[in-house]
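If you want the building blocks of each chain, they are given just below.
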Number of protein chains: 2
Amino acid sequence: MNKENISKSVIRRLPRYYRFLTELEEQDIDKISSGKLAAIMRSTASQVRQDLNCFGGFGHQGYGYSVPALRDEIAKILGLNKRYKAILVGAGHIGTAIAAHLRFDMMGFQLVGIFDNNKEILGAHINRVEIMDSENIGQFCRDNGVQAAFLCIPRSAAKQTVKTLYDAGVTRFWNFTHYYIQGDYPEAVVENVHLSDMLMTLCYRINEVENSYDENE
Amino acid sequence: MNKENISKSVIRRLPRYYRFLTELEEQDIDKISSGKLAAIMRSTASQVRQDLNCFGGFGHQGYGYSVPALRDEIAKILGLNKRYKAILVGAGHIGTAIAAHLRFDMMGFQLVGIFDNNKEILGAHINRVEIMDSENIGQFCRDNGVQAAFLCIPRSAAKQTVKTLYDAGVTRFWNFTHYYIQGDYPEAVVENVHLSDMLMTLCYRINEVENSYDENE
């Protein structure tokens, strides 16, 4: 396997392969043809073969792909076997949803703390992880070697929070705010989630379909 | 302006242009050079000029772009001036966060109802929109001409809910579940939000950086 040769668009598809392969495995499906995998992936058999050839090609002529072997290999490429220490900042609705529902340990992370500045919820737990006072966030990160932070705070609080975290050695971010972290920290590794951008994209796509109806009338 | 010529990747960037232009306007900035806009967009001046030329080119040599004119034009292309009637299904943490924080009216939608099956929260309001009983969802959508649904429910409930909605004429979805709507309804317009895929992508990117350190040691 030569990682250098894997294109960005293949990488973006890998979590989806992983998710579908996990579901197949849960249904005790042991092997799958590239055609069937393509149907699940909303892709073509030749695209699937091309994607999977990037890292060795797990297919066997006339057999298809081994579901567990392929899933394990993709997990390894994504680094899901890692346990990067992470904290979640902001136990509002989004933060709580994420802390409660995502299986961090299956996605390369270990959630070691949740931070909020609402004194009333301090000491409570979400999925057995304690909510602690934001005032102690820098010290906690230094003491525990925290590498990543999931930012679920208002934008107004983001700049100062990221500064505190960065000074404490936290340089990887899952960013739900609209604060542009890379502008201040070009070396940071950031994955942004802009829900409003996604909603606008939906609006565009609806609009496009509605307009095509109009033109056909 | 010829919409047919606008590529998918330009479309994906439009919400970001719109977001940054809105911020500039809020700061009373009236014009901007392609270089400065490129810096904000983490792009190049030539990419920005190429993007914006797709729909008429609002730049003037030696002047730059008019922030309000460009923002308005992008809003029109995205269809943000529309008011597609939408409901939100599932008033858990994610649903509540979305209903409470997103400015639907600025993104082409009008949120006309929220639905949940938890009897204890029925009749409550989020942002002046009432939480109603999921049992009445089909009738409500038919009566009110609802076009879109934002699905913030568990995957186990998704298939049946989408069937009910589709039968009631709701065919556009913002889908936070892992249920593959297009598999059952190829005509549906769907924008999926897979938070776990995004977290896995972050893991991959951290892993990539960590590995490059190892190789340099």
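Residues numbered from 1 in each chain as written. Chains lettered and ligands numbered in written order. Predicted model: local features only at pLDDT ≥ 70, side-chain atom pairs only at ≥ 80, totals over all residues. Heavy atoms only, no water.

### Side note on the packing of aromatic side chains
Thinking step 1. Under the defined criterion, the tally for this structure stands at 16 aromatic pairs over all chains.
Thinking step 2. Ring geometry for F109 of chain A versus F150 of chain A: centroids 5.5 Å apart, planes at 80 degrees, classification edge-to-face. Remark: F150 of chain A occurs in strand β8 (residues 148–151) and F109 of chain A occurs in strand β5 (residues 109–116); sequence separation between them is 41 residues.
Thinking step 3. Classification of F150 of chain A as buried rests on a relative accessible area of 0%.
Thinking step 4. Relative to F173 of chain B, the ring of Y166 of chain B has its centre 6.5 Å away and its plane inclined at 15 degrees; by these criteria the two rings are stacked.
Thinking step 5. Classification of F173 of chain B as buried rests on a relative accessible area of 0%.
Thinking step 6. Cluster of aromatic residues (ring-pair linked, three or more members): Y84, F104, F109, F150, W174 and F176 of chain A.
Thinking step 7. One Lys or Arg, R19 of chain A, reaches over the ring of F20 of chain A and ends 5.3 Å from the middle of that ring. (Phe/Tyr/Trp six-rings, centres within 6.5 Å; stacked < 30°, edge-to-face > 60°. Helix = DSSP H or I, 4+ residues; strand = E, 2+ residues; numbered from the N terminus. Buried < 20%, exposed > 50% of the residue type's maximum accessible area, 1.4 Å probe, protein only. Lys NZ or Arg CZ within 6 Å of the ring centre and 35° of its normal.)

### A look at the pattern of salt bridges
Thinking step 1. Going through the model one piece at a time under the given rule, you end up with 28 salt bridges over all chains.
Thinking step 2. Between D105 of chain A and R103 of chain A there is a salt bridge, with the nearest N and O atoms lying 3.4 Å from each other.
Thinking step 3. The structure contains a network of salt bridges with shared partners spanning R12 and E191 of chain A together with R205 of chain B. (Salt bridge = Lys/Arg side-chain N within 4 Å of Asp/Glu carboxyl O.)

### Digging into the relation of the copies chain B and chain A
Thinking step 1. When chain B is fitted onto chain A, the two copies agree to an RMSD of 0.0 Å after a turn of 180 degrees and an axial shift of 0.0 Å. Overall, the copies show the geometry of a two-fold rotation axis. No C-alpha of chain B approaches the rotation axis more nearly than that of H93 of chain B, which lies at 2.4 Å.
Thinking step 2. An overlap of 100% is found between the interface residues of chain B and their copies at the interface of chain A, pointing to a shared contact surface. (Least-squares fit on C-alpha atoms with pLDDT ≥ 70 in both. Contact = heavy atoms within 4.5 Å.)

### Considering the sheet that holds strand β10 (residues 189–192) of chain A
All names here are of chain A.
Thinking step 1. Sheet architecture is open: 7 strands sit in the order β6-β7-β5-β4-β8-β9-β10, paired in mixed fashion. Each edge of the sheet is formed by a strand with only one pairing partner; in this case those strands are β6 (125–126) and β10.
Thinking step 2. Note: β6 against strand β7 (residues 129–133), 2 bridges, orientation antiparallel. When the bridges of β7 are listed, I126 appears paired with V129.
Thinking step 3. Here helix α7 (residues 155–167) sits on the sheet in contact with β4 (84–89), β8 and β9 (172–175), set at roughly 170 degrees to β8. (Pairing = 2+ DSSP bridges. Axes fitted to C-alpha atoms, helices over the stretch in contact; angles between N-to-C directions.)

### Digging into the environment of S156 of chain B
Thinking step 1. On the secondary structure map, S156 of chain B appears in helix α7 (residues 155–167).
Thinking step 2. As for S156 of chain B and F176 of chain B, which are separated by 20 residues in sequence, their C-alpha atoms are 12 Å apart.

### Structural notes on the interface of chain B and chain A
Thinking step 1. In this complex, chain B contributes 59 residues to the contact, which on the side of chain A involves 60 residues.
Thinking step 2. Both sides of the chain B and chain A interface together cover about 5900 Å² of buried area, and 65% of this is carbon and sulfur.
Thinking step 3. By the criterion of area lost to chain A, the three top residues of chain B are L199, M200 and Y204 of chain B, representing 12% of everything that side buries.
Thinking step 4. Across the contact surface, chain B and chain A share 8 salt bridges.
Thinking step 5. Here R205 of chain A makes a salt bridge to E191 of chain B, at a shortest N to O gap of 3.0 Å.
Thinking step 6. Taken together, the links from chain B to chain A amount to 18 residue pairs in polar contact (both at pLDDT 80 or more).
Thinking step 7. Those elements giving two or more residues to the side of chain B that touches chain A turn out to be α1 (8–26), α2 (34–40), α4 (67–78), α5 (93–101), β9 (172–175), β10 (189–192) and α9 (195–216) of chain B.
Thinking step 8. Take the side of chain B that touches chain A: its biggest share by element is 17 residues, from α9 of chain B. (Buried area = accessible area lost by both parts, 1.4 Å probe. Polar contact = N/O pair within 3.5 Å; in protein donor to acceptor, adjacent residues only side chain to side chain.)

### A few points about the pairing of strand β8 (residues 148–151) of chain B
Residues and elements named next belong to chain B.
Thinking step 1. Here β8 shows a buried face lined by A148 and F150 and a second buried face lined by A149 and L151.
Thinking step 2. As judged from the 4 bridges shared by strand β4 (residues 84–89) and β8, these two strands associate in the parallel manner. Note that in β8 the partner of L88 across the bridge is F150.
Thinking step 3. As paired elements, β8 and β9 share 4 bridges and run parallel to each other. What sits directly across from A149, in β9, is F173.
Thinking step 4. Viewed along the sheet, the connection from β8 through α7 into β9 turns out right-handed. (Right-handed = clockwise from strand over helix to strand, strands pointing away.)

### Some details on α4 of chain B
Thinking step 1. With 12 residues, α4 of chain B extends 16 Å between its outermost C-alpha atoms, agreeing within 8% with the 16 Å of an ideal straight helix rising 1.5 Å per residue.
Thinking step 2. Backbone geometry just downstream of α4 of chain B places G79 of chain B in the positive-phi region, at approximately 85 degrees. (Expected span 1.5 Å × (residues − 1).)

### Considering the sheet that holds β9 of chain B
Residue and element names in this part refer to chain B.
Thinking step 1. Across the sheet, 7 strands lie side by side as β6-β7-β5-β4-β8-β9-β10; this open sheet has mixed pairing. The strands lining the two open edges of the sheet, one partner per strand, are β6 (125–126) and β10.
Thinking step 2. Examined bridge by bridge, β9 and β10 share 4 bridges and lie parallel to one another. Among the inter-strand pairings, N175 is bridged to a residue of β10, identified as N192.

### Brief notes about the side chain of T96 of chain B
Thinking step 1. Looking at the element boundaries, T96 of chain B is found in helix α5.
Thinking step 2. Once you skip the residues sitting within four places of it in the chain, T96 of chain B turns out to touch H93 of chain A together with A91 and I126 of chain B.

### Observations regarding the packing of helix α1 (residues 8–26) of chain A against helix α3 (residues 45–53) of chain A
Residue and element names in this part refer to chain A.
Thinking step 1. Axis separation between α1 and α3 bottoms out at 11 Å; the angle between their running directions is 105 degrees. By the angle between their axes, α1 is roughly perpendicular relative to α3. Seen from α1, the contacting residues are V10, R13 and Y17; seen from α3, they are Q47, V48, D51 and L52.
Thinking step 2. A per-class count over the contact of α1 with α3 returns 4 nonpolar, 1 polar and 2 charged. (Parallel < 35°, antiparallel > 145°, perpendicular 65-115°, else oblique. Nonpolar A, V, L, I, M, F, W, Y, C, P; charged D, E, K, R; others polar.)

### Here's the deal with the environment of I32 of chain A
Residue and element names in this part refer to chain A.
Thinking step 1. Examined against the element boundaries, I32 turns out to sit in strand β1 (residues 31–32).
Thinking step 2. According to the relative accessible area criterion, I32 is buried, its value standing at 6%.
Thinking step 3. What I32 contacts, discounting residues up to four positions off in sequence, is L24, L37, I40, G64, Y65 and V67.

From the geometry alone we can't say anything about function, so treat these as descriptive.
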